[in-house]
Amino acid sequence: MSERLSVFKTYKLFVGGKFPRSESGRVYEVTDSKGKWLANAPLSSRKDARDAVVAARKAFGGWAGATAYNRGQILYRVAEMLEGRREQFVAEVADAEGLSKSKAAAQVDAAIDRWVWYAGWTDKIAQIVGGANPVAGPYFNLSTPEPTGVVAVLAPQESSFLGLVSVIAPAIAVGNTVVVVASEQAPLPALSLGEVLATSDVPGGVVNILSGRTAEIAPSLAAHQDVNAIDLAGADAELSKALQIAAADNLKRVLRPQAVDWSADPGTDRMTAFLETKTVWHPTGSLGAGGSAY
């Protein structure tokens, strides 16, 4: 019996719920921490970034308009699907970050748990950042959070999966759609995540994942007039400064890069960073001869 040829995986982008190759046709070599070749990843172009923004904008209305409870169910489904493919992600994270199998497993388990954690927050965050405001007059005055819109996310460079999940999940949990630029040196766990998202009830376009040169893709996202916010987690100091200047052109919300322990309790900061507050006034009306109001 002849020896079988290896069947290598073809990694693709994840845009609009589909798996296109880069429109440029380019790829680049991805290696492990010891320089061993792992795969060819798509080298995204500015056109790919623009296509991803179009997909994210198209998906925004439906995702933002879904009930918080429904978004929570969908995020929990992502965790379910990841649990079923745990071993694949352990192997990819181990190769990407040069970790032992046990340490990679701990990273993957933490990432799965984080999806569950944010799934639980979807219908609770409004109680933390919204509420009824006391006003002098016969009015109801209610402040409620709403998603910012399309968020560009530069995934952390050093944490290929746990850090990736930690920047995607909070943004979509509160109703935003995202265009994610994966870790440049370790994009494979991110591209595999796209395969999970495609089969886990997440509507197409809610999460769009690009791989390639961060410094090549990010400027077009920072300057894009239909991107409402940008998370600079994966940008170095020089790139971050240039992107903040570009983002100022349409007053994007900007989350600046900072030192983060991705394994620590994430808190609510990354959810509230991409929320707007809508305040509504409504007259209460008067009741009875005495003019009492309710």
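Look up: the structure comes first, before these words.
All values derive from a computational prediction rather than experimental measurement.

Draft legend 1. The environment of Trp 117, seen in detail. Here Trp 117 shows up in helix α4 (residues 101-121). Separated by 102 residues in the primary sequence, Trp 117 and Val 15 have C-alpha atoms spaced 25 Å apart. For Trp 117, the contacting residues outside a window of four places in its chain are Asp 265, Pro 266 and Gly 267.

Draft legend 2. Structural view of the environment of Lys 47. As for its position among the elements, Lys 47 is in helix α1 (residues 46-65). On the accessibility criterion, Lys 47 (35% relative accessible area) is partly exposed.

Draft legend 3. A look at the sheet that holds strand β4 (residues 139-147). Spatial strand order, β3-β4-β10: three strands in an open sheet with antiparallel pairing. Lying at the two open borders of the sheet, with one neighbouring strand each, are β3 (131-132) and β10 (275-283). Examined bridge by bridge, β3 and β4 share two bridges and lie antiparallel to one another. When the sheet's bridge partners are listed, Gly 131 is paired in β4 with Ser 143.

Draft legend 4. Main features of the pattern of salt bridges. Taken as a whole and assessed by the stated rule, the structure comprises 14 salt bridges. The salt bridge involving Asp 51 is made with Lys 47; its shortest N-O contact spans 3.0 Å. Placement of both Asp 51 and Lys 47 in helix α1 is noted, with a separation of four residues, approximately one turn of the helix. Of the charged contacts in the structure, one is a salt bridge between Arg 85 and Glu 195, with a shortest N-O distance of 2.7 Å. With Arg 85 in the loop between α2 (68-84) and α3 (86-97) and Glu 195 in helix α7 (residues 188-198), this pair connects stretches of sequence that are 110 residues apart. Accessibility expressed as a relative area gives 24% for Arg 85, which makes it partly exposed. Looking at Glu 195, the relative accessible area reads 21%, which means it is partly exposed.

Draft legend 5. View of the pairing of strand β5 (residues 150-154). Among the five residues of β5, five are classified as buried, and the element is accordingly described as predominantly covered. Every second residue of β5 is oriented toward a common face, with Val 150, Ala 152 and Leu 154 on one face and Val 151 and Val 153 on the other, all of them buried. In terms of strand pairing, β5 meets strand β6 (residues 177-181) through five bridges, oriented parallel. Looking at β6, one finds that Leu 154 is bridged to Val 181. After leaving β5, the chain enters helix α6 (residues 162-173) and then returns to the sheet as β6, a path that is right-handed.

Draft legend 6. Structural view of the sheet that holds β6. On the basis of which strands lie adjacent, the open sheet formed by five strands has the order β7-β6-β5-β8-β9 and parallel pairing. In the strand order of this sheet, the two ends are held by β7 (207-210) and β9 (253-255), each with one partner. Within the sheet, the average angular offset between the axes of one strand and its neighbour, ignoring direction, is 15°. The pairing of strand β8 (residues 229-231) with β9 spans three bridges and is classified as parallel. Looking at the pairing, Asp 231 lines up with Leu 255 of β9. Against the sheet, α1 makes contact with β5, β6 and β7, and its axis sits at roughly 155° relative to β6, the strand it touches most. Helix-sheet contacts for helix α8 (residues 214-223) involve β5, β6, β7 and β8, and the interaxial angle to β6 is about 150°.

Draft legend 7. Spatial organisation of the packing of aromatic side chains. In the structure shown here, the tally under the stated rule is six aromatic pairs. Centroid distance Phe 89 to Phe 161: 4.8 Å. Interplanar angle 25°. Geometry classified as stacked. Here Phe 161 lies in the loop between β5 and α6 and Phe 89 lies in helix α3, a separation of 72 residues in the sequence. There is no split in this pair, since Phe 89 and Phe 161 are both buried. An aromatic cluster of three or more residues is present, and its members are Trp 117, Tyr 118 and Trp 121.

Conventions we followed
Residues numbered from 1 in each chain as written. Predicted model: local features only at pLDDT ≥ 70, side-chain atom pairs only at ≥ 80, totals over all residues. Heavy atoms only, no water. Helix = DSSP H or I, 4+ residues; strand = E, 2+ residues; numbered from the N terminus. Contact = heavy atoms within 4.5 Å. Buried < 20%, exposed > 50% of the residue type's maximum accessible area, 1.4 Å probe, protein only. Pairing = 2+ DSSP bridges. Salt bridge = Lys/Arg side-chain N within 4 Å of Asp/Glu carboxyl O. Right-handed = clockwise from strand over helix to strand, strands pointing away. Axes fitted to C-alpha atoms, helices over the stretch in contact; angles between N-to-C directions. Phe/Tyr/Trp six-rings, centres within 6.5 Å; stacked < 30°, edge-to-face > 60°.

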